[in-house]
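Structural features, examined
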Amino acid sequence: MTNEVAVQMVDITKTFGPVVANNKVNLTIYRGEILSLLGENGSGKTTLMNMLSGIYFPDSGSVFVDGVPVTIRSPKDAFNLHIGMIHQHFKLVDVLTAAENIILGLNEKAFIDLKDVRKQVAQICDRYGFVVNPDKKVYDMSVSEKQTLEIVKVLYRGADILILDEPTAVLTPQETQKLFHVMRNMKDDGKSIIIITHKLHEVLEISDRVAVLRKGEYIGDIATQLTSAQELTDMMVGRAVSLNIDRPQCEIKRECLSVEHLSVIDADGVKKLKDVSFTAYGGEVLGIAGISGSGQKELLEAIAGLQFIQQGGSILYSSAEGEQPTQLVGRTPRDIKRMGVRLAFVPEDRLGMGLVGSMDLTDNMLLRSYKDGASPFANRANPRNLAKTVVEELEVVTPSISTPVRKLSGGNVQKVLVGREIASQPSLLMSAYAVRGLDINTSYTIYRLMNEQKMRGAAVIYVGEDLDVLLELCDRILVLCAGEVSGLVDGRNTTKEEVGLMMMHLPNKEVEA
Amino acid sequence: MKIDHKKEPIIRISKRVGIQFWKSWLIRLAAIALSLCVCALLIFALSGLNPIKVFGTMAKGVFGTQRKLMNWVRDTSVLLCIAVGLAPAFKMRFWNIGAEGQMLVGGIAAAACMIHLGNLGMPNVVLLLIMASASIIAGGVWGVIPAISKAYLNTNETLFTLMMNYIAMQFLLFFTPIWEHPAGSNKVGIINSVTKVGWLSEDQKLATPLIMLFIVLIVTVLMFAYLKYSKQGYEIAVVGESQRTAKYAAINVKNVVVRSMTISGAICGLAGFLSVAGADHTISEDTAGGRGFIAIIVAWLAKFNTFVMILIAALIVFLDKGAIALASEYSNYNLTNDVADIITGIILFFILGSEFFINYKIKFHLGKGKEEIA
């Protein structure tokens, strides 16, 4: 890290309607440093970086690059200033190859010399330690490969200042280490890197300096060496927060769900789950770990009656001790509800499955209970009260309960969904990526709610991606790899490495990572 | 590389976060006023006539006499009825463009009852009830066929409902020679013109249009309540937004699609009954006359709110009738029916365009420091 200033943002303000996303933010970026931009959801991190990369235009304030005042009106302007951003949602064309994606939009000449592009790409890869096959189609790539391609694309365009928006959210621990490795190489080459992330241990591991935003305001910056996770959290949240996740011991323990030989084939004929067997107990949190797309989604949907289950599978649900278990295979969600199975499900796709985006909070609460009562008209009085309760107890930030949920921020959307699901007093609560994209405060609220349900005696199934959280929160962890169970470990005496390894390998055979 | 352009974007568009009710209607009214100004300029440019006078002619052509006024009420009722029928289908994102055919089979059913049951001597009220039921059932059947196919075979409802229109038309061509009157005219002619059996009312001038309006307003209110407050209406809204959410919420999507399309087709069938028993007393290719498609515009402009549909349907029928009045009054001034269509187009364009200004805010940056907000 040098003391040479690369970019200086001065008094940047950006508003969206009445919402102030950035309020007079000042940020300095030095040459050859890795800067972490830290803040809760909605604190304005991405907005600030979008202004630097030409997606948004600030309402007021100025930007200096190498000491010269500049106006960045489009991503093209940003590229001309050697600023490049790797967005959370990749901006790649699926049907094109890596090389084609790299030169897309550059059209400087009528004819494209792909050979030359390949050579330059190979040079970039050699220099920083990337692995990119220039002729591979994007649709054949894994998430990690796509991300690598995005970075190479930005470097190819000559970026000296790279912005990475939550790059590790979609990576396994091993992939994250690879990414950090190339980030260090780039830094050594004199590039400035800004990384937006929620994960504190990553901030501490990779960055030289941390800048903190809170509710659109710039709180301050600090050298990473001089700080700790606790201090950063306090800066970010604005008050002291406990970083420990509780794992209370529950006295109640009864068999709630017994899954045996469960196999699922999707509409394209691809096997998503293969001979999965496990048992979930009331009074415990069963974690499910795995690289994304290892069958977690299908497993939960199969239990909820939303997947077609292959012959020979069995899902037995027992509502109470000593009662005859009910078979859930071959039942629709309607049947399951009618049989009195108290099942709550927080799906991964919150607005596409769990909630109706265009409807307000009341009508979304109604989703689970609209059929109650004999009247042909839906009773909105109870859902309205439930909406009020959820808003109050979970501190949902919303203008009113008649606001469409689509207009709420991600964390608040999730609170509404989880609030509704636990209101039904479930005996089985399933959640998929319940804290994805949520800030620390909201995440801890969700962990607390999961624990509350566990202490009530409910069986909680928690599909997660952050291994640290899984290890702290869950009583047992079921590890899935390519649709099969690769291990079942006790959360109290396992390690991140052990689980990480199981995520990549089945016990008997090798699976390509 | 150094870039030192200090130009700021001149126009900035940003999303509005909620707008007051009165403000959105003010924008809509302004849009209509503005569209009338543009129309006035166009009329003046084409014909040199005083636009105010021309608008006056339009108004006189629609409201000038009781007969004209009642025709306006009558046609508005039929158009509104079809639009209300489309509401449940469209709210479910089932693109029913088969209202034309559903209305036509409803009309055929009504005409069949009039012709074949008209001389049995039953009370007129009973016959009318039978006719209405037959129309509703026929329309419902016409609506449910593409729905079943969509629900169980996942066919494209747009194509299917469209094709059903042509089948309905062929049915009519099949029945026309059978019901032909007078012989050789190749038309069904006025049914029961002497006995007036199966007519909504003998008083064509006042009672008939008012009865039609009354029936359609009842349907409008019922549909509003159905969509907004009933459990089935809630299911329609959820299915329309996301089928995955609907399945998650234990809604039987297939049932909802079939049920809602039956209702949609049935109400369009009722429009066919109103047209035959109330307005025309005959059945022909003009019974629907493209209104099944115009109703789509009505339903969309009203955003499937059935009460707003009343206003839109009234406006569209007014424009249509006003245009005819213009064409006959100023036929030697270059103002033909086509000009009237252009006027209709301009007004609809402005109404649709106003939605942009309701959803977005536009800021102009004129030089330094000057900001103007539109």
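Since the structure is predicted, the reported quantities are computational estimates derived from the model, not experimental observations.

Conventions and cut-offs
Residues numbered from 1 in each chain as written. Chains lettered and ligands numbered in written order. Predicted model: local features only at pLDDT ≥ 70, side-chain atom pairs only at ≥ 80, totals over all residues. Heavy atoms only, no water. Helix = DSSP H or I, 4+ residues; strand = E, 2+ residues; numbered from the N terminus. Rg over C-alpha atoms; globule rule 2.2 N^0.38 Å. Buried < 20%, exposed > 50% of the residue type's maximum accessible area, 1.4 Å probe, protein only. Contact = heavy atoms within 4.5 Å. Areas by Shrake-Rupley, 256 points an atom, 1.4 Å probe, with all protein chains shown as cover. Lys, Arg positive; Asp, Glu negative; His and termini not counted. Charge placed at Lys NZ, Arg CZ, Asp CG, Glu CD. Patch = residues over 30% accessible without salt bridge, like charges linked within 9 Å, V, L, I, M, F, W, Y side chains within 5 Å. Salt bridge = Lys/Arg side-chain N within 4 Å of Asp/Glu carboxyl O. Pairing = 2+ DSSP bridges. Core = buried A, V, L, I, M, F, W, Y, C linked by side-chain atoms within 4.5 Å. Domains from an automatic or database assignment. Axes fitted to C-alpha atoms, helices over the stretch in contact; angles between N-to-C directions. Buried area = accessible area lost by both parts, 1.4 Å probe. Polar contact = N/O pair within 3.5 Å; in protein donor to acceptor, adjacent residues only side chain to side chain.

1. Observations concerning the overall build of chain A
Across its full length, chain A carries 17 helices and 20 strands. The globule rule puts the C-alpha radius of gyration for 513 residues at 24 Å, and the 24 Å found for chain A is close to it. Principal-axis analysis of the C-alpha atoms places the extent of chain A at approximately 75 × 50 × 45 Å. A buried classification covers 53% of the 513 residues belonging to chain A. Residue pairs at least 24 apart in sequence account for 67% of intrachain contacts in chain A once pairs closer than 6 positions are excluded. Of the accessible surface of chain A, which amounts to about 22,200 Å², a share of 49% is contributed by carbon and sulfur atoms. Computing the positive centroid from 56 side-chain charges and the negative centroid from 65, chain A places the two 5 Å apart.

2. Examining a nonpolar patch on the surface
All names here are of chain B. A surface patch of nonpolar side chains, about 460 Å² in accessible area, is lined by Ile 10, Ile 11, Ile 13, Phe 356 and Phe 357. Among the secondary structure elements, those contributing two or more residues to the nonpolar patch are strand 1 (11-15) and helix 13 (337-359). Considering the arrangement of structural elements, one finds Phe 357 in helix 13.

3. Remarks on the pairing of strand 12 (residues 271-282) of chain A
Residue and element names in this part refer to chain A. Inspection of the sheet shows strand 11 (residues 254-265) paired to strand 12 by eight bridges, in the antiparallel sense. Along strand 12, the bridge assignment pairs Ser 258 with Thr 279. The loop that links strand 11 with its antiparallel partner strand 12 comprises five residues; one of these, Gly 269, has a positive phi angle of about 85°.

4. Details of the nonpolar core
Residues Leu257(A), Phe278(A), Ile303(A), Leu428(A), Ile461(A), Tyr462(A) and Phe273(B) are the most contacted members of the largest nonpolar core, which totals 191 residues. Top contributing element to this core by residue count: helix 3 (residues 66-91) of chain B, with 14 residues. Counting residues domain by domain, this core receives three or more from each of domain 2 (244-342 + 426-513) and domain 3 (357-424) of chain A. Sequence-distant contacts of Ile461(A), that is, excluding residues within four places in its chain, are made with Leu257(A), Phe278(A), Ala280(A), Leu286(A), Ile288(A), Leu300(A), Ile303(A), Leu428(A), Leu429(A), Met430(A) and Ser431(A). Core analysis: the next-biggest nonpolar cluster, separate from the first, contains 34 residues, Ile102(A), Leu171(A), Met186(A) and Ile195(A) among them.

5. What about the sheet that holds strand 4 (residues 60-65) of chain A?
Residue and element names in this part refer to chain A. What the four strands build is an open sheet, ordered 2-1-4-5; its pairing is antiparallel. A strand with exactly one partner marks an edge of an open sheet, and here the two such strands are strand 2 (19-30) and strand 5 (68-70). Going across the sheet, the axis of each strand differs from the next one's by a mean of 25°, ignoring polarity. Strand direction decides the pairing type here: strand 4 and strand 5, joined by three bridges, are antiparallel. In the sheet register, Val 63 faces strand 5, and the bridge partner there is Val 70.

6. Quick look at the interface of chain B and chain A
Contact residues are listed per partner, giving 31 residues for chain B and 53 residues for chain A. Summing the contributions of chain B and of chain A, the shared interface buries around 3,400 Å²; its carbon and sulfur component is 56%. The interface formed by chain B and chain A contains four salt bridges. Arg406(A) is the partner of Glu241(B) in a salt bridge, and the nearest nitrogen-oxygen pair spans 2.7 Å. Taken together, the connections running from chain B to chain A amount to 20 residue pairs in polar contact (both at pLDDT 80 or more).

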